[in-house]
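Geometric and topological summary
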Amino acid sequence: MSDSTSDAAGVEPLPILLLNGPNLNTLGTREPAIYGSETLDDVVDLAERTASELGFGLRAAQTNHEGQMIDWIHESVGKISGIVINPGGWTHTSVALADALVVPGVPILEVHISNVHQREAFRHHSYVSPIAAGVIAGYGIRGYEFAIRRLAELVD
């Protein structure tokens, strides 16, 4: 997978960083009535196709370890156009992740497969939303496509 592609002017945009947090590696088997039957591989395939269509490369990663996620964000400084992130459970708990997301200084789009506002009260608060350029929730994995399209508009 290439990190960047050339546009008509020959300029190579920096890739989009797609990050998925804890338990998203179990998509397709974990609570399919809530999260659907698509897998994380399906998410990445959709994101890669969408990014490529818009002239961007994509770097995709998933982890169940918060420190690893924060390290990836720190390492991305100067190397990405923006971030599309589904922080999973860290959405509602991690000030550290929110602090890290401002470090690269790029637009961030927050994605949730389910509509978190229709679920348990603790899911209604996000530490990421106040720093995100947009939040997409409740559209299944299509939310990733919508987020990439919006991010491409923001960095164009």
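Residues numbered from 1 in each chain as written. Predicted model: local features only at pLDDT ≥ 70, side-chain atom pairs only at ≥ 80, totals over all residues. Heavy atoms only, no water.

An unreviewed UniProt entry annotates the protein chain as 3-dehydroquinate dehydratase originating from Gordonia amicalis. Listed in UniProt under the heading Subunit (unreviewed entry), the comment for the protein chain reads: "Homododecamer." Its UniProt record gives the protein chain a comment under Sequence similarities (unreviewed entry), which states: "Belongs to the type-II 3-dehydroquinase family." (UniProt positions renumbered as here; feature names shortened; annotations may be inferred.)

Here the idea is plain: a probe the size of a water molecule rolls over the atoms and shows the empty space left. Its boundaries defined by the atoms lining it, the largest pocket holds a volume of some 240 Å³. Forming the boundary of the largest pocket are 13 residues, of which P13, L54, F56, A152 and D156 lie nearest the centre. By volume, the second largest pocket amounts to about 180 Å³. Here the residues of the lining of the second largest pocket are counted per class, giving five nonpolar, seven polar and three charged. (1 Å grid on protein atoms, 1.4 Å probe; cavity = no way out; pocket = protein on both sides within 12 Å on 5 of 7 lines; lining within 4 Å. Points joined across faces, edges and corners; volume = space filled by probe spheres on them. Nonpolar A, V, L, I, M, F, W, Y, C, P; charged D, E, K, R; others polar.)

All right, on to the side chain of S81 then. By the element assignment, S81 lies in the loop between α3 (66–75) and β3 (82–86). Using a relative accessible area of 13% as the deciding quantity, one classes S81 as buried. Within the structure, the side chain of S81 is placed 2.5 Å from the backbone oxygen of L14, a separation counted as a polar contact. When neighbours within four sequence positions are excluded, S81 is seen to be in contact with P13, L14, P15, F56, V106, P107 and V155. (Helix = DSSP H or I, 4+ residues; strand = E, 2+ residues; numbered from the N terminus. Buried < 20%, exposed > 50% of the residue type's maximum accessible area, 1.4 Å probe, protein only. Polar contact = N/O pair within 3.5 Å; in protein donor to acceptor, adjacent residues only side chain to side chain. Contact = heavy atoms within 4.5 Å.)

Attention shifts here to the pattern of salt bridges. Summed over all chains, the structure comprises five salt bridges. E31 is paired through a salt bridge with R30; the nearest N and O atoms lie 3.7 Å apart. Looking at E31, the relative accessible area reads 37%, which means it is partly exposed. Overall, the relative accessible area of 29% leaves R30 in the partly exposed class. Of the charged contacts in the structure, one is a salt bridge between R150 and E153, with a shortest N-O distance of 3.0 Å. You can see R150 and its partner E153 sitting in helix α5 (residues 142–155), three residues apart, about one turn around the helix. Judged by its relative accessible area of 53%, E153 falls in the exposed class. (Salt bridge = Lys/Arg side-chain N within 4 Å of Asp/Glu carboxyl O.)

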